[in-house]
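Observations on the three-dimensional arrangement
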Amino acid sequence: MKRASLRLLHFQFQKFYPKSSISVFSQDFSCQFSSLSSIDEHNNNHPSNPDSRSCSRTHYLLFSSKPRHSLNNPSHNLSTLVDPRQPSSQLSSRQRKLKERSQLVDDFEAAKTSDEMIKAFQEMEAILDEKELGLACLKIGLKLDEEGQYPEKVIDYANKALKILDENGHDSDLSLPLAMNLQLLGSASYTLSRFSESLGYLNRANRILKKLEETIDNDGFEIKHVLHAVHLNLANTKNAMGRREDAISDLKICLEIKEMTLDKDSRELGNAYRDMSEAYVALLNFKEALPYCIKATEIHKVELGTNSVEVAHDRRLLGVIYTGLEQHEKALEQNQLSQKVLKNWGLTSELLRAEIDAANMQIALGKFDGAINTLKGVVLQTDKESEDRAMIFVSMAKALCNQDKFSEAKRCLQMACGILEKKERLSPLEVSEAYMEISMQYETMNEFETAISLLKKAQMMLEKIPQEQHSVGSASARIGWLLLLTGKVQESIPYLEDAVERLKENFGSRHFGVGYVYNNLGAAYLELDRPQSAAQVFALAKDIMDISLGPHHVDSIEACQNLSKAYSAMRSYTLAINFQEKAIDAWRGHGPSACDELKEAERVLQELKVKACGEFEEQKALPAHPVRRRSSRSGVLVD
């Protein structure tokens, strides 16, 4: 999208430079204009190429209206134009200046690197008018951004352009360059981790583009190109700020633009569907991710063939999604199909990770011996100090844990940690994720102190990565849960409260993960004899679970029973009985598989009814209070 923006500006730039006073340009212009129909015809035969289509339509948009400069100005007499064959000595002073100016602009336009462009700009800066100066600065900024090396220099040139473009805000011809400039500032600010500034620039660019869309009288293809770049940057920025739920809406707009501008079977559209699927996977919303990934797979199969690398990548993602949906057989099937293609293409690194994924799927299916054999074969393909080998040891430990071979599992985890400790500075994200996975294995073996220690280590590393605040929230949630489990209730509360805030910011207040943390936080409050606080968070947990999982899900029923406990602790037995009865109705819906849970829930209900009767009898036994009335004269209460 950066390249498309640079090309769009090229035509805007030509529009404002008065090179039309040179006859050569008049010929070039006629040629460009007359070739539009053939270019459009060519693009209609290749609709999946958005860049070429953008070029031709931008030509038409910019050159079909009359430029403000001398091209169509009748006062320009042909005798004033420069004949390039005429010797310089025979040119008038004015003609020499025009020729010099034209040459400088040609040098600027022909520059292939940012250094060449800046050098040409410095030579012609003094002869540019204000609008030309703004567009030239923008073009340099876009080139620097395209090269991706100097975000500070990008911001310098973009700020110069912004000042000029803002001052000429009344000029509708500059609205699109202004939006492009704001997008450029947003992109550079994001690169420098100035996320709030980035959001400000991008939101303003979006408002300008929306107004342009309402006023244009063509299909707005150029605007859609820039709008796509703006929303893609907005999604990246919001993700970096932890606003992952908000970022999804921007990615959807990007996808809608591609659906409008690309052929329905184009490879690029297939990639866009896969990106959308990955965004939902990051939110752990596997149900929403599945249809997008299936669309991506179907498009890539048609365009590239069943045995293409793109289809292999789609299948690997499908494996992750089916795993998240606990459809492990389907996950393993997709993984195996992916492995065949990766093997055929000789993609060793991707194949290795796919084989590790396959072992984890086998573990989920209870095929522990098969998983261990797979991992024993894979480990021989890795370097002794590689992260891949560490992850193989982690997966092997998981399989051994499930077979209750704890001493062997611990040896695998110790070897994994020994490798990972050396990689902490080089790969903090990958290592922290591995530590979190290892902590789960120690948790399975009831080694809670070690699990908590690893989680705290991972959390400290993740805190330094702005884009990983959701992972910090997940680590806090698990630390809080383990502290609660080990009786350190007071110590658990800050971690759980921190987890709630971080996860709400990243996944939205209605995400089921937030509901789980509320459930644990309520349990901690109840342990500390704070039933009112417990009831508040249990009620929030129940609302979230009912919406995200459904009222008959096991975790939703547990939230309902927890709410009943909180009201019972507050001696609000009527409410406690009401929620316990709802839980019983939900358990009945599970049939014979929930027989034990139903019996326990009915036992608790009977206890609540006994307590409620005792409370009623106790109230009856209390001495009656004399009726107090207010004196009609003084307003004083009297017996």
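Residues numbered from 1 in each chain as written. Predicted model: local features only at pLDDT ≥ 70, side-chain atom pairs only at ≥ 80, totals over all residues. Heavy atoms only, no water.

The protein carries the name MalT-like TPR region domain-containing protein in an unreviewed UniProt entry, which gives Lactuca virosa as its organism.

**Quick look at the overall build of the protein**
On a plain count of helices and strands, the protein comes out with 29 helices and 2 strands. Across the 639 residues in the protein, those meeting the buried criterion constitute 47%. Within the structure as shown, the protein displays about 32,100 Å² of accessible surface, and the carbon and sulfur contribution to it stands at 50%. (Helix = DSSP H or I, 4+ residues; strand = E, 2+ residues; numbered from the N terminus. Buried < 20%, exposed > 50% of the residue type's maximum accessible area, 1.4 Å probe, protein only. Areas by Shrake-Rupley, 256 points an atom, 1.4 Å probe, with all protein chains shown as cover.)

**Quick notes on the nonpolar core**
Core analysis: the largest hydrophobic core is formed by 68 residues, its most contacted members being Leu-255, Tyr-273, Met-276, Ile-321, Val-517, Tyr-518 and Leu-521. With 8 residues, the single largest contributor to this core is helix H28 (residues 573-588). Setting aside chain neighbours within four positions, we find Tyr-273 in contact with Leu-255, Glu-259, Tyr-292, Lys-295, Ala-296 and Ile-299. Ranked by size, the runner-up nonpolar core spans 46 residues in total, among them Val-378, Ala-416, Met-436 and Leu-462. (Core = buried A, V, L, I, M, F, W, Y, C linked by side-chain atoms within 4.5 Å. Contact = heavy atoms within 4.5 Å.)

**Observations concerning the environment of Gly-550**
Relative to the assigned elements, Gly-550 resides in the loop between helix H26 (531-548) and helix H27 (554-569). Leave out the neighbours within four places in its chain, and Gly-550 touches Met-545 and Ser-556.

**Observations regarding helix H20 (residues 406-421)**
The first and last C-alpha atoms of H20 sit 22 Å apart over 16 residues, in line with the 22 Å expected at 1.5 Å per residue. Here H20 has its buried residues at Ala-409, Cys-412, Leu-413, Ala-416, Cys-417, Ile-419 and Leu-420. The buried residues of H20 occupy one face: seen down the axis, they fall within an arc of 160 degrees. Contacts made by the buried residues of H20 are with helix H19 (387-402), helix H21 (428-444) and helix H22 (448-463). (Expected span 1.5 Å × (residues − 1). Arc of directions from axis to C-beta.)

**Concerning the confidence of the model for the protein**
When pLDDT is averaged across the protein, the result is 81; 80% of the residues are at 70 or more. Scored below 50 in pLDDT, residues 1-82 shows 142 contacts in the model against residues more than four places distant or in partner chains. pLDDT under 50 marks residues 624-639. Its contacts with residues more than four places away, or in other chains, come to 13 contacts. (pLDDT = per-residue confidence, 0-100.)

**A look at the side chain of Glu-310**
Relative to the helices and strands, Glu-310 resides in helix H15 (residues 309-324). Within the local environment of Glu-310, its side chain forms a polar contact with the side chain of Arg-274, the two groups lying 2.7 Å apart. Apart from residues no more than four positions distant in its own chain, Glu-310 is found in contact with Arg-267, Asn-271, Arg-274, His-300 and Leu-304. (Polar contact = N/O pair within 3.5 Å; in protein donor to acceptor, adjacent residues only side chain to side chain.)

**Thoughts on the pattern of salt bridges**
As enumerated under the stated definition, the model contains 27 salt bridges in all. Among the ionic pairs, Asp-314 bridges to Arg-274, the shortest N-O distance being 2.8 Å. Note that Asp-314 is positioned in helix H15 and Arg-274 in helix H13 (residues 267-282), a separation of 40 residues in sequence. The exposure classification of Asp-314 matches that of Arg-274, with both residues buried. We note a salt bridge from Lys-301 to Glu-298, for which the minimum N-O separation is 3.4 Å. Highlighted residues: Lys-301 and Glu-298, both in helix H14 (residues 286-304), separated by 3 residues, approximately one helical turn. In this structure Lys-301 comes out as partly exposed when scored by relative accessible area, which is 27%. (Salt bridge = Lys/Arg side-chain N within 4 Å of Asp/Glu carboxyl O.)

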